[in-house]
Each structure stands twice: as C-alpha cells, then as structure tokens.
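# Structure assessment
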Amino acid sequence: MTGTNDTSDGRAGADRSGLWLPILIIVLCCGVEICLQVAARADLAPRLRATTFENGAFWAGLLWRWQPNYELQPYTMFLSYGFLHGGIMHLAVNMITLWSLSLGVLDRVRPSGFAVLYFGAMIGGGAAYAVLTTTPAPMVGASGALFGLAGGLLAWDYVDRSTRKDALRPVARTVGILILLNVVMWWALDGHLAWQAHLGGFVAGWILALLINPHPLVPDLDDNG
C-alpha cells in the first residue's frame, strides 16, 4: 500500500490543501469586524455595526411575529449571524478555535464535508437558539459552528474507540469539560451567553459527522517493499 491523503473511507492522513476553506471563513469574519471597527473609530459610519446586526444577526423573534427588514431575513440569518462578532476579543477567540479544530476535522473529511459540518452546525445552533432562548436579544458569533466541529471530532473519536474497544471515558470527560466551560462562561458573562447555539451546534455536528464519514480511522501504512 502506498501513502495517501484520501480521508473519505476513514484512513489517516489529512489533505491540508483543504485548509483554504477555514482560512476563507477566517478572512471573511475578520474582514467584517475590521470594517465595523474602522467605521466606528474613524467616525465614518457610527451606526454601521447596529445596522449590520439589525440585518445580519440572529433574531429569534423573526421566526414568530416580528416583521423582517427584508423578505429573506428569517432565512439568511441562519448563516449570516456566524460571520458577525461582538468585538475583537470575541472574534479572536473564535478564529483561534476555528483554526485549531479545522486541522482535526480535515483529517477526516474533504473540504465539502467540512462545509456541510460547519454550516450545518451553524444552522443547528440557530435553530436551537430560536427554540430555547427566552430573550429577544440578537445572537452573533461562530461559536455554534465551532461547537459543531467539536461535536464532530468527538463523534469520530467515539467511533474509533468503540471499534478498537477502547475506553469511552475520554469522550465523556471531554463532553463534561465542554459543559463546565459553558457554565463558567455563562456565569462570567452574567448570563449573556448563547449556550443554546452551542448545544444545538454540538448535537448537529455530532450527527452530521457520522453521516458524512461514519468510518473508524484506519492507520495508513506505507509499503516500502
């Protein structure tokens, strides 16, 4: 057997050429935030952030009785909210997390699978927020999609460990850490945390990962003979 980067059947080895997709997402998210920061600091368009959030953030009320600003807003917000952030720190934490998780995800799937997982989790996060939130406040940020990537990685780890009949305790421990992280963040942010999107993104990511690539990871061996 010769070495390969094909990950569609669960074999080890990432096609790092697929990193163009998370890089593109990072560039788009950073570009939006930079434009909003410059507009505010240079006094070019002081209301640009507010206007952008009014039209691009996730507003749960739009799925019930609120009047949208444009006809497709109740649908486009399921994706647009993931490219908006509440400031530089919010953006930085999410983009660093995106980059670190992307490396593991692209070990298992091609860019098309990454896109389905990432944006599917983003939609799942928005749906969970719409159902579970008790506040009319808007929701922004890529963290729903990021929890989807984490859910996907844990789903694959579960499959790998089950196949090898290894202990599943590390998977359960990681899930517990993620829950604890959300509790701490919710407390630190005085309740201003879209945990609903994190939950929905995680569940969607776990399910989608197993639909995209249900195979356990098989070490790829080089035959030098």
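Here the structure is shown first, and the text comes after it.
Residues numbered from 1 in each chain as written. Predicted model: local features only at pLDDT ≥ 70, side-chain atom pairs only at ≥ 80, totals over all residues. Heavy atoms only, no water.

## As for the packing of aromatic side chains
As a reminder of what qualifies: The criterion for an aromatic pair is that two Phe, Tyr or Trp rings (for Trp, the six-membered ring) have centres within 6.5 Å, with stacked assigned to planes under 30 degrees apart, edge-to-face to planes over 60 apart and tilted to the rest. Only DSSP runs of H or I covering at least 4 residues are called helices, and only runs of E covering at least 2 are called strands; the numbering of each starts at the N terminus. We call a residue buried when its accessible area falls under 20% of the maximum for its residue type, exposed when it is over 50%, and partly exposed in between, using a 1.4 Å probe and counting protein chains only.
Enumeration over the complete set of coordinates arrives at nine aromatic pairs. With centroids separated by 5.7 Å and ring planes inclined at 75°, the aromatic side chains of Phe58 and Tyr81 adopt a geometry described as edge-to-face. With Phe58 in the loop between α2 (48-56) and α3 (73-80) and Tyr81 in the loop between α3 and α4 (88-105), the pair connects residues that are 23 residues apart, well separated along the chain. By relative accessible area, which is 0% here, Phe58 ends up buried. Note on Trp59 and Trp66: the rings are 6.0 Å apart at their centroids and 50° apart in plane angle, and the pair reads as tilted. Taken together, the aromatic side chains of Phe58, Phe78, Tyr81 and Tyr129 make up a single cluster linked through ring pairs.

## Points about the nonpolar core
Selection criterion: What makes a nonpolar core is a set of buried Ala, Val, Leu, Ile, Met, Phe, Trp, Tyr and Cys residues whose side-chain atoms join them at distances within 4.5 Å. Residues count as neighbours in contact if any of their non-hydrogen atoms are within 4.5 Å of one another.
Counting 41 residues, the largest nonpolar core has Phe58, Leu98, Phe114, Tyr118 and Leu149 as the members making the most contacts within it. When residues of this core are traced back to their parent elements, those giving at least two are α1 (20-41), α3, α4, α5 (111-132), α6 (143-164) and α8 (195-212). If sequence neighbours within four positions are ignored, Phe58 has contacts with Leu63, Met77, Phe78, Tyr81, Gly126, Tyr129, Ala130, Ala137, Pro138 and Met139.

## Side note on the pattern of salt bridges
For the record, the criterion: We define a salt bridge as a side-chain nitrogen of Lys or Arg found within 4 Å of a carboxyl oxygen belonging to Asp or Glu.
On inspection of all chains with the given rule, the structure shows five salt bridges. The salt bridge involving Glu33 is made with Arg49; its shortest N-O contact spans 2.6 Å. One end of the pair, Glu33, is in helix α1; the other, Arg49, is in helix α2, with 16 residues separating them in the sequence.

## Things to note about the layout of surface pockets
Put simply, the rule reads: Cavities and pockets were defined on a 1 Å grid built from protein atoms only: a cavity is a group of points that admits a 1.4 Å probe but offers it no way out, a pocket is an open group of points flanked by protein on both sides within 12 Å along at least five of seven lines, and a lining residue is one with an atom within 4 Å of any such point. Grid points are joined across faces, edges and corners, and a volume is the space filled by probe spheres set on the points. Asp, Glu, Lys and Arg are counted as charged, while Ala, Val, Leu, Ile, Met, Phe, Trp, Tyr, Cys and Pro are counted as nonpolar; the rest, among them Gly, fall into the polar class.
There is about 800 Å³ of room inside the largest pocket. Along its surface, the largest pocket is lined by 32 residues, and Leu189, His192, Leu193, Ala194 and His198 are the ones closest to its centre. Among the elements of the structure, α4, α5, α6, α7 (169-188) and α8 are those that each provide at least two residues to the lining of the largest pocket. Here the element with the most residues in the lining of the largest pocket is α4; it accounts for six residues. In the lining of the largest pocket, the residues fall into 21 nonpolar, 11 polar and no charged. Empty space within the second largest pocket amounts to approximately 230 Å³. Taken together, Phe147, Val175, Leu178, Ile179, Asn182, Val183, Trp186, Trp195, His198, Leu199, Phe202 and Val203 form the lining of the second largest pocket.

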